[in-house]
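Residue-level structure breakdown
Below, each chain spelled out in residue letters.
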Amino acid sequence: VFFFNDTATTEIYTEQIVGSVRCVQETDLIPSHPKFEIGDNSLLLSLPVYKELINIQNSVHGGALATIIDAATTLAVLKADIEQLRRSVSIELNLSFLGPAKLGDNLLIYADCMRLGGTIAYTQCEIYEENKHQLLCTGRHVKAMMLSLIHI
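Reading guide: rules and limits
Residues numbered from 1 in each chain as written. Predicted model: local features only at pLDDT ≥ 70, side-chain atom pairs only at ≥ 80, totals over all residues. Heavy atoms only, no water. Helix = DSSP H or I, 4+ residues; strand = E, 2+ residues; numbered from the N terminus. Contact = heavy atoms within 4.5 Å. Core = buried A, V, L, I, M, F, W, Y, C linked by side-chain atoms within 4.5 Å. Buried < 20%, exposed > 50% of the residue type's maximum accessible area, 1.4 Å probe, protein only. pLDDT = per-residue confidence, 0-100. Salt bridge = Lys/Arg side-chain N within 4 Å of Asp/Glu carboxyl O. Expected span 1.5 Å × (residues − 1). Pairing = 2+ DSSP bridges.

**Side note on the overall build of the protein chain**
Secondary structure summary: the protein chain contains 2 helices and 6 strands in total. Looking at the protein chain alone, contacts between residues at least 24 apart form 69% of all its contacts between residues at least 6 apart.

**Side note on the nonpolar core**
Counting 24 residues, the largest nonpolar core has V60, L65, I68, L107, I109, C125 and I127 as its most contacted members. Breaking this core down by element, the ones donating at least two residues are strand 2 (42-48), helix 2 (62-80), strand 4 (106-116), strand 5 (120-129) and strand 6 (134-145). Looking at this core, the element that brings in the most residues is helix 2, giving 7 residues. Sequence-distant contacts of I109, defined by excluding residues within four places in its chain, comprise L43, L44, L45, L47, I68, A72, C125, E126 and I127.

**Re unusual backbone geometry**
Excluding glycine, most residues fall at negative phi; most peptide bonds, likewise, are trans. Positive phi, close to 65°, is recorded for N58, a residue that is not glycine. Within the secondary structure layout, N58 lies in the loop between strand 2 and helix 2.

**Looking at the confidence of the model for the protein chain**
With 73% of its residues at a pLDDT of 70 or more, the protein chain has an overall mean of 82. Scored below 50 in pLDDT, residues 1-7 makes 10 contacts in the model with residues more than four places away or belonging to other chains.

**Some remarks on the environment of K79**
Secondary-structure assignment places K79 in helix 2. Residue K79 is classed as partly exposed on the basis of its relative accessible area, which comes to 33%. Between the alpha carbons of K79 and D112 there is a distance of 9.6 Å; along the sequence they are 33 residues apart. Aside from chain neighbours lying at most four places away, what touches K79 is I38, G39, D40 and S42.

**Considerations on the environment of G39**
Topologically, G39 is positioned in the loop between strand 1 (22-23) and strand 2. Assessed through its relative accessible area of 29%, G39 is described here as partly exposed. Separated by 40 residues in the primary sequence, G39 and K79 have C-alpha atoms spaced 9.5 Å apart.

**Considering the pattern of salt bridges**
Across all of its chains, the model carries 2 salt bridges by this definition. Among the ionic pairs, R86 bridges to D81, the shortest N-O distance being 3.1 Å. Of the two residues, R86 and D81, both sit in the buried class. Two residues, K132 and D105, come together in a salt bridge whose shortest N-O distance is 4.0 Å. You can see K132 sitting in the loop between strand 5 and strand 6 and its partner D105 sitting in the loop between strand 3 (88-97) and strand 4, a full 27 residues away along the chain. For K132, a relative accessible area of 54% corresponds to the exposed category. For D105, a relative accessible area of 10% puts it in the buried group.

**Quick look at helix 2**
Along an α-helix, residues three or four apart share an orientation, since each turn contains 3.6 residues. In a regular helix each residue adds 1.5 Å, so 19 residues correspond to 27 Å; helix 2 covers 27 Å between its end C-alpha atoms and thus fits that length. Of the positions making up helix 2, those classed as buried are A64, L65, I68, I69, A72, T73, T74, A76 and V77. Looking at the buried side of helix 2, the elements it contacts are strand 2, strand 3, strand 4, strand 5 and strand 6.

**Focus on the pairing of strand 2**
In terms of burial, strand 2 is largely enclosed, as 6 of its 7 residues are buried. Across 7 bridges, the pairing between strand 2 and strand 4 is antiparallel. Each residue of the ladder has a partner; that of S42, found in strand 4, is D112.

And the structure:
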């Protein structure tokens, strides 16, 4: 994914952003957080909002949120498909923007693979502002499952 006009700048910022994503354990959450069921098909991530994600209105760009949902739901599919680790491609990606995230906020990203079949995976994702516990964005992602990466 290219956010900038030149590859070097894109690689620097991509590395910085990817390096800042962390998996969250249920024990990391304070009692007032929304309740998440983290299982074999779901995951919880945390990401600080960097200036490179901010648009002209001083909130996180919708395209950045779409990319986060795309990546998080793909990770949920890989987690659900751990035995085969099949490649997948997007068929459909729907988002609803419910509120803005600002510079300095922490995003809490919950992604779940609701159903994994032989050829299709259905996922959903919710993005919260971690400290205010405000739901910012929801998304549904449908993916076509390809051939296995592991040859048995």
